[in-house]
Amino acid sequence: MSKIAKLKKHSVLFAILVGAFSLVLTNSAFNILLPSFIQMYSISTAFGGWIITLYLLAMTITMPLTASIVDRLGKKKTYILGISLYGLFSMIGGLFYQYVQIILFVRFMHGIAAGLMIPLSLVLLFDIYSKDVRGKVTGIWGMLLTIAPAIGPAFGGIMIQFGELKYLFWINVPFALLSFILCCRQIKLDRPAHKKTIRLKSILLMVLGIGGLSLGIQLYSNPTFPRWIICILLFWGFVILIRFIQKENGQKEPLIRCKLLRNPIYAITVIMSAIQASVMFGVIFIIPLMLQEVFHLSPSITGAMFIPAAICTSLFVWIGGNLMDSGKSLHFIAYGIGLIASSVLLFAFVPKETSLLVIVFLMAVRGSGIGLSNMTVTTIGLNSLTDDDLHEGSALSNTIKRLASSLAVMLLTGYYDIRWQMISRTGESAQYAKWIALKEECIILGCFMLVTLPLALFLNRRKLDVGVENGK
């Protein structure tokens, strides 16, 4: 391959990473600024929470629609639409940041942009890189998108402490503009081979189903919101979603091709990814509580404890990608799963007097396991699909992971609140009761992670079978 061809490929990689990195960085920065929003706009905690909730809701609803939009516009135009919305509404946020209503709308539009960009970012890269190097490409993609949420909270804190909220919006604009220009120039225009028939009733059912389920899950952790409304949202969201799936399975051109799950490799990777996402977000819920409630670490030190995990994740995503491209055994995925499960389980048995070095070590081990297994599993699943199905497979996988992780955090929140109060009623102190509840949740998550081990061995076996069939 000529140097010019390689340079063009790498310029596409850079174009996509610039936009995606900025998007993830900003979102992770916003996630810790709720107290600042409450003070800045003189609003309640419940109202301020919508700044985060609307982003997640918009992203979850948009993801499954991405495949249909791609079928109408093509992958390049859809991604450019996403980065354009992101840049445009960042400008609006920077200009009108004094109005909380504008901020709510901007965050909702940012969520739509994320729903378009995240499923397509890997798909666009897979279009220009062959299967024998996709592991390395995924490694680079995963490294940067792992670093972004690690530095995002510190970045957001600095922006608020030494500047103004508007700078958190304006800093996105040059990134979005650069990504827009590079994507327009470097990504090859693709023409949709077939435009699906748009059925408004199907879109409405999907939005009501996924939107109701997602909104109910997001509001569950809000103690000021009536529980009966949340239960109604969850129930009807689930019922409507099931009805939508039943109706679409009978269509010749379904809005979401759930039949892709008939591909055994893809189905296994989706299940594994959903479990891994649930455990990952569950740990993000549990560990900060444990570090502050049990080990009495400050919020700043608690945040710093996640940096070793981010560094190790970035490093081992690259290693895992290279191991996958080598064409050898996929046993390293099982090793990664074992590292994650072991580190989470060990958090349930560390004493209160443990050294900070032990905590750093456990966080680093977990990060190494995530790096070896998470993105590699996603890449294997997408590689099992045809090129024409990549955008639909990515959208479906991301939607399932988003719903699964949100549901996991909701269940963990409910278990924690109920369990520690139950223990405290036996005469134990509240602090001890919370510690026991968190330890139990670590055991639950660690065991849940181990469920994916047989699935990882199945993937490795299927790879060996394919190798034998191909005469390797």
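Since we're looking at a predicted model, the values are computed, not measured.

## A closer look at the packing of helix 5 (residues 100-128) against helix 16 (residues 390-424)
- Two numbers describe how helix 5 lies on helix 16: the axes approach to 9 Å, and their chain directions differ by 145 degrees. As for the relative orientation of helix 5 and helix 16, their crossing is right-handed in sense. Contacts between helix 5 and helix 16 pair I118, P119, L120, V123, F126 and D127 from the former with L390, H391, S394, A395 and N398 from the latter.
- Considered class by class, the residues forming the contact of helix 5 with helix 16 number seven nonpolar, three polar and one charged.

## Overview of empty space enclosed by the protein
- Within the structure shown, the criterion is met by four cavities of 30 Å³ or more.
- Here the largest cavity is characterised by a volume of approximately 70 Å³.
- What lines the largest cavity is Q276, V279, M280, V283, I340, V344, R366, I370, S373, N374 and M449.
- Where the lining of the largest cavity is concerned, the elements lending two or more residues are helix 11 (264-293), helix 14 (331-346) and helix 15 (356-383).
- The class makeup of the residues in the lining of the largest cavity is seven nonpolar, three polar and one charged.

## Quick notes on a nonpolar patch on the surface
- The grouping of W228, I232, F235, W236, F238, V239 and I242 at the surface amounts to a nonpolar patch, some 740 Å² of accessible area in total.
- Residue W228 is classed as exposed on the basis of its relative accessible area of 58%.

## Description of the confidence of the model for the protein
- Residues at a pLDDT of 70 or more form 89% of the protein, whose mean pLDDT is 81.
- Overall, residues 464-472 carries pLDDT values under 50, and its contacts beyond four positions in sequence, including any with other chains, amount to one contact.

## Brief notes about the packing of aromatic side chains
- Counted according to the given criterion, the structure contains four aromatic pairs.
- Geometrically, the ring pair formed by F89 and F105 is edge-to-face, given 5.5 Å between the ring centres and 80 degrees between the ring planes. With F89 in helix 4 (residues 75-95) and F105 in helix 5, this residue pair connects regions lying 16 residues apart in the sequence.
- Between F285 and Y416 the ring centres are 6.3 Å apart and the planes differ by 85 degrees, which places this aromatic pair in the edge-to-face class. Highlighted residues: F285 in helix 11 and Y416 in helix 16, separated in sequence by 131 residues. Accessibility classification places F285 together with Y416 in one group, the buried group.
- The ring of W420 has K434 lying over it, and the distance from NZ or CZ to the ring centre is 4.8 Å.
- For K439, the ring lying beneath its charged end belongs to W435, and the centroid distance is 4.3 Å.

## Structural notes on the nonpolar core
- Membership of the largest hydrophobic core comes to 90 residues, with the highest contact counts inside it found for Y79, L165 and L168.
- For L168, the residues in contact, after removing those within four places along its chain, are T26, A29, F30, L33, F155 and M159.

## A word on the environment of V123
- Mapping V123 onto the fold places it in helix 5.
- With relative accessibility at 0%, the residue V123 sits in the buried group.
- As a C-alpha pair, V123 and L390 span 267 residues in sequence and 6.1 Å in three-dimensional space.
- When neighbours within four sequence positions are excluded, V123 is seen to be in contact with K75, L390, H391 and S394.

## Some remarks on the packing of helix 11 against helix 17 (residues 430-450)
- Running from N to C, helix 11 and helix 17 point in directions that differ by 160 degrees, and their axes come no closer than 10 Å. Judged on the interaxial angle alone, helix 17 and helix 11 are roughly antiparallel. Where helix 11 crosses over helix 17, the two elements pack in a sense that is left-handed. Where helix 11 abuts helix 17, its residues I275, Q276, S278, V279, G282, V283, F285, I286, L289, M290 and E293 lie against Q431, K434, L438, K439, E441, C442, L445, F448 and M449.
- In terms of residue class, the contact of helix 11 with helix 17 is built from 12 nonpolar, four polar and four charged.

About the criteria used
- Residues numbered from 1 in each chain as written.
- Predicted model: local features only at pLDDT ≥ 70, side-chain atom pairs only at ≥ 80, totals over all residues.
- Heavy atoms only, no water.
- Axes fitted to C-alpha atoms, helices over the stretch in contact; angles between N-to-C directions.
- Helix = DSSP H or I, 4+ residues; strand = E, 2+ residues; numbered from the N terminus.
- Left-handed = near helix turned anticlockwise from the far one by under 90°.
- Contact = heavy atoms within 4.5 Å.
- Nonpolar A, V, L, I, M, F, W, Y, C, P; charged D, E, K, R; others polar.
- 1 Å grid on protein atoms, 1.4 Å probe; cavity = no way out; pocket = protein on both sides within 12 Å on 5 of 7 lines; lining within 4 Å.
- Points joined across faces, edges and corners; volume = space filled by probe spheres on them.
- Patch = residues over 30% accessible without salt bridge, like charges linked within 9 Å, V, L, I, M, F, W, Y side chains within 5 Å.
- Areas by Shrake-Rupley, 256 points an atom, 1.4 Å probe, with all protein chains shown as cover.
- Salt bridge = Lys/Arg side-chain N within 4 Å of Asp/Glu carboxyl O.
- Buried < 20%, exposed > 50% of the residue type's maximum accessible area, 1.4 Å probe, protein only.
- pLDDT = per-residue confidence, 0-100.
- Phe/Tyr/Trp six-rings, centres within 6.5 Å; stacked < 30°, edge-to-face > 60°.
- Lys NZ or Arg CZ within 6 Å of the ring centre and 35° of its normal.
- Core = buried A, V, L, I, M, F, W, Y, C linked by side-chain atoms within 4.5 Å.
- Parallel < 35°, antiparallel > 145°, perpendicular 65-115°, else oblique.

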